[in-house]
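Observations on the three-dimensional arrangement
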Amino acid sequence: NSLFCNGILTHGSEQQKQTYVRAIAEGEAIGAFALTEPQSGSDATAMRCRAVKQADGTFVINGKKSWITSGPVAKYIVLFAMSEPDKGARGITAFLIDTDKAGFGRGKTEPKLGIRASATCEIEFNDYVAQAEDVLGQEGEGFKIAMSVLDAGRIGIASQAIGIARAAYEATLAYVKERKAFGA
C-alpha cells in the first residue's frame, strides 16, 4: 500500500486523500500501483496503455498492465497511462481507478517463487471511463509522480532484501554450529 498511498499523499487533492488513503489506512480497502506493462519492461515511457481525453473532460482508458502487486485484491489503483503520446514522458498521466467500475478486469494471479502473501496479476482496461477528478496531480505529471513514488519505495525493498540476507546468513551460521557440535 505504500506505493499507492505515497503518490496520493504527495500529489493528491484533499478529497482524494480522504477518499482513497483513508480507506487504505482504516483497513477497508487495498490499493495497488500500476506502471509496468508486458511489452515495455523497465522503460515506463514506452507504455501502450492509453487515456484519451473526451470533450466532456473524462478519459477513456484502454490497455494492459502486468505484474501488479495486490492487483487481484485491490479496490483502488493508481494507474499510469499515456494521455499525450507525442510528449513522451511528459504525456503520461496518473489516474485513481476504482476496480468496481465497468471497463476494469483482472487476469490470472501469477505464480511466484517468493513473497506469496502478496498476490500479483495482470490488469486490463477496456473503455474504462475516468472522471476529470480521478486525475492524480496534473495531466502529464504521471511519470514524475511514478518516479518519486518508486524512489521512496526502493528504500523498503532494500530493507527487505537486507532482512532476508541476514536471516539466511544467521540460518547458515546456526547450521554450521549444529554440525560442528555433532562432529560432522
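Above: the structure in question.
Residues numbered from 1 in each chain as written. Predicted model: local features only at pLDDT ≥ 70, side-chain atom pairs only at ≥ 80, totals over all residues. Heavy atoms only, no water.

Helix and strand counts for the protein come out as three helices and eight strands. For the protein, the sequential pattern of α-helices and β-strands runs α-α-β-β-β-β-β-β-β-β-α. For the protein, the spread of C-alpha atoms along the principal axes amounts to about 80 × 35 × 30 Å. Look at the contacts in the protein between residues 6 or more apart in sequence, and 67% of them connect residues 24 or more apart. Counting every atom, the protein has about 10300 Å² of accessible surface; 55% of that belongs to carbon and sulfur. Computed over 21 positive and 21 negative side-chain charges, the separation of the two mean positions in the protein equals 9 Å. (Helix = DSSP H or I, 4+ residues; strand = E, 2+ residues; numbered from the N terminus. Contact = heavy atoms within 4.5 Å. Areas by Shrake-Rupley, 256 points an atom, 1.4 Å probe, with all protein chains shown as cover. Lys, Arg positive; Asp, Glu negative; His and termini not counted. Charge placed at Lys NZ, Arg CZ, Asp CG, Glu CD.)

Moving on to the state of the cysteines. Tallied over the entire structure, the rule returns zero disulfides. Summary of cysteine pairing: Cys5 is not part of a disulfide, and the nearest cysteine sulfur, belonging to Cys121, is at 18 Å. Accessibility expressed as a relative area gives 11% for Cys5, which makes it buried. For Cys49, which is in no disulfide, the shortest distance to another cysteine sulfur is to Cys121 and amounts to 14 Å. (Disulfide = S-S within 2.5 Å. Buried < 20%, exposed > 50% of the residue type's maximum accessible area, 1.4 Å probe, protein only.)

This part covers the pairing of strand S3 (residues 59-69). As defined by bridge partners, strand S2 (residues 50-53) adjoins S3 across four bridges and the pair is classed as antiparallel. Each residue of the ladder has a partner; that of Lys53, found in S3, is Phe59. Taken together, S2 and the strand that follows it, S3, pair antiparallel across an intervening segment of five residues, in which Gly57 is found at a positive phi of about 90°. In this structure, S3 lies alongside strand S7 (residues 120-130), joined through eight bridges in antiparallel fashion. What sits directly across from Thr69, in S7, is Thr120. (Pairing = 2+ DSSP bridges.)

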